[in-house]
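# Chain and residue survey
What follows is the residue order along each chain.
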Amino acid sequence: MGIMKEKRTVQKVQKSITTFFRENRRMPSFAEMVGLLGVRSKSVVNFWIDKLIEAEILEKDDKGHLKFKTSSFAIPLAGSVQAGFPSPEEEALCDIMSMDEYLITKPDSSFLLKVSGDSMIGEGIMEGDLVIVEKGRAPKVGDVVIAEVDGDWTMKYFKKKRGQVYLEAANPKYPIIRPKAELRLGGVVTAVIRKYHQ
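The structure reproduced in this document is the subject of the present report.

## Quick word on the overall build of the protein
Looking only at helices and strands, one finds four helices and ten strands in the protein. Buried residues in the protein amount to 28% of all 198 residues. Excluding contacts between residues fewer than 6 apart, the proportion of contacts in the protein whose partners are at least 24 apart in sequence is 48%. Accessible surface, the protein: about 13800 Å² in total, of which carbon and sulfur atoms supply 53%.

Structural data, given as structure tokens:
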């Protein structure tokens, strides 16, 4: 099997297992993986599981159970907090929240981009932030979009006036962008991720 073909198959296997995990909130058994991956035996399943472990996508816990190593990051949701003055609340575990499930509604059509520049600071999107972009989503006026305008990619507000589409920054020092020849939408920004501490 060629390297590129093997890589594509690993990605396909990962996608199948991830979809099962999202829908069932558990890893599939090896027996379930036979049908899930469309293979004939558990030995073939073992082969692809080993590839996923080798790629650091899956790992085994102390009991030998499979779990995601990189793509699943569920953490405890401990309650809520006021953004003004703090009020005492019971610090009890309310639920387990998977951040990818919270931030991404359509994982199969979403991707991450790292922000450069300061044209969207008025929207709270800063240089170095990560944005989650959903492909194929029809933008509404006021949505933040990723678009290719006359050959250059940018992130701006989607605007429309008298049927004419234009892009607007969230920073007054940048001019309105009106396409001269072509405007192609790459997706709608659905979430922003910022890391405060390393």
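Here the narrative resumes, following the displayed structure.
## A short note on the sheet that holds strand β6 (residues 130-134)
Taking strand neighbours across the sheet as the criterion, the six strands line up as β5-β6-β10-β7-β8-β9 in an open arrangement whose pairing is antiparallel. Whereas interior strands pair on both sides, the edge strands pair on one side only; in this sheet they are β5 (110-114) and β9 (164-168). Neighbouring strand axes in the sheet, compared pairwise and without regard to direction, differ in orientation by 45° on average. Pairing of strand β8 (residues 152-161) with β9 involves five bridges; the strand directions are antiparallel. Of the residues in β9, the one forming a bridge with F158 is L167.

## Description of the layout of surface pockets
Counted as a void, the second largest pocket has a volume near 280 Å³. Together, 16 residues line the second largest pocket, and V115, S116, W153, T154 and M155 are the ones closest to its centre. The element best represented in the lining of the second largest pocket is β8, accounting for four residues. Of the residues belonging to the lining of the second largest pocket, the class tally is nine nonpolar, four polar and three charged.

## Re the pattern of salt bridges
One pass over the full model with this rule turns up seven salt bridges. When the shortest N-O distance is used, the salt bridge between R137 and E134 registers 3.4 Å. Since its relative accessible area comes to 4%, E134 is described here as buried.

## Observations concerning the nonpolar core
Core analysis: the largest hydrophobic core is formed by 16 residues, its most contacted members being I17, M33, V45, I49, L52 and L58. For this core, the elements supplying multiple residues, two or more each, are α1 (3-24), α2 (30-37), α3 (42-54) and β2 (66-68). Here this core gets four residues from one element, more than from any other, and that element is α3.

## As for the packing of aromatic side chains
Describing an aromatic ring pair means giving the distance of the ring centres and the angle of the ring planes. Applying the stated rule across the entire model yields one aromatic pair. When the ring of F47 is compared with that of W48, the centres are 4.8 Å apart and the planes differ by 85°; the resulting orientation is edge-to-face. On the basis of relative accessible area, F47 is assigned to the partly exposed category, the value being 40%. Given a relative accessible area of 8%, W48 falls into the buried group. For the cation-ring pair, K156 lies above Y174, with the distance from its terminal atom to the ring centre recorded as 6.0 Å.

How each quantity is defined
- Position numbers for residues count from 1 along each chain, tracking the sequence in the order it is written.
- For this predicted model, a pLDDT threshold of at least 70 governs which residues receive local features, and a threshold of 80 or more governs which side-chain atom pairs are given and counted, while totals over whole chains, interfaces and linings are taken from all residues.
- Hydrogens and water molecules were not included; the side-chain quantities draw on all heavy atoms of the structure.
- Secondary structure elements follow DSSP: runs of H or I of four or more residues count as helices, runs of E of two or more count as strands, with numbering from the N terminus.
- Think of it in three bands: with a 1.4 Å probe and only protein chains considered, a residue is buried below 20% of the maximum accessible area for its type, exposed above 50%, and partly exposed in between.
- Every residue pair with non-hydrogen atoms within 4.5 Å of one another is taken to be in contact.
- To be clear on the numbers: accessible area is Shrake-Rupley with a 1.4 Å probe, and residue cover counts the displayed protein chains and nothing else.
- Strand pairing is assigned whenever DSSP detects at least two bridges linking the two strands.
- Working convention: axes come from line fits to C-alpha atoms, limited for helices to the stretch in contact. Angles between N-to-C directions cover 0 to 180 degrees.
- Lining residues are defined by having an atom within 4 Å of a point belonging to a cavity or pocket. Those points lie on a 1 Å grid over the protein atoms alone, cavities being sets where a 1.4 Å probe fits but cannot get out and pockets being open sets with protein on both sides within 12 Å along at least five of seven lines.
- Grid points are joined across faces, edges and corners, and a volume is the space filled by probe spheres set on the points.
- Throughout this entry, Asp, Glu, Lys and Arg are counted as charged residues, while Ala, Val, Leu, Ile, Met, Phe, Trp, Tyr, Cys and Pro are counted as nonpolar. The remaining residues, Gly among them, count as polar.
- One side-chain nitrogen of Lys or Arg within 4 Å of one carboxyl oxygen of Asp or Glu is enough to make a salt bridge.
- To form a nonpolar core, buried Ala, Val, Leu, Ile, Met, Phe, Trp, Tyr and Cys residues must be joined to one another through side-chain atoms within 4.5 Å.
- In this analysis, rings of Phe, Tyr and Trp, with Trp reduced to its six-membered ring, are considered paired at centre separations within 6.5 Å, and the interplanar angle assigns stacked below 30 degrees, edge-to-face beyond 60, and tilted for intermediate values.
- Put simply, a charge is over a ring when the Lys NZ or the Arg CZ is close to the ring centre, within 6 Å, and near the line of the ring normal, within 35 degrees.

By themselves these figures say nothing about function.
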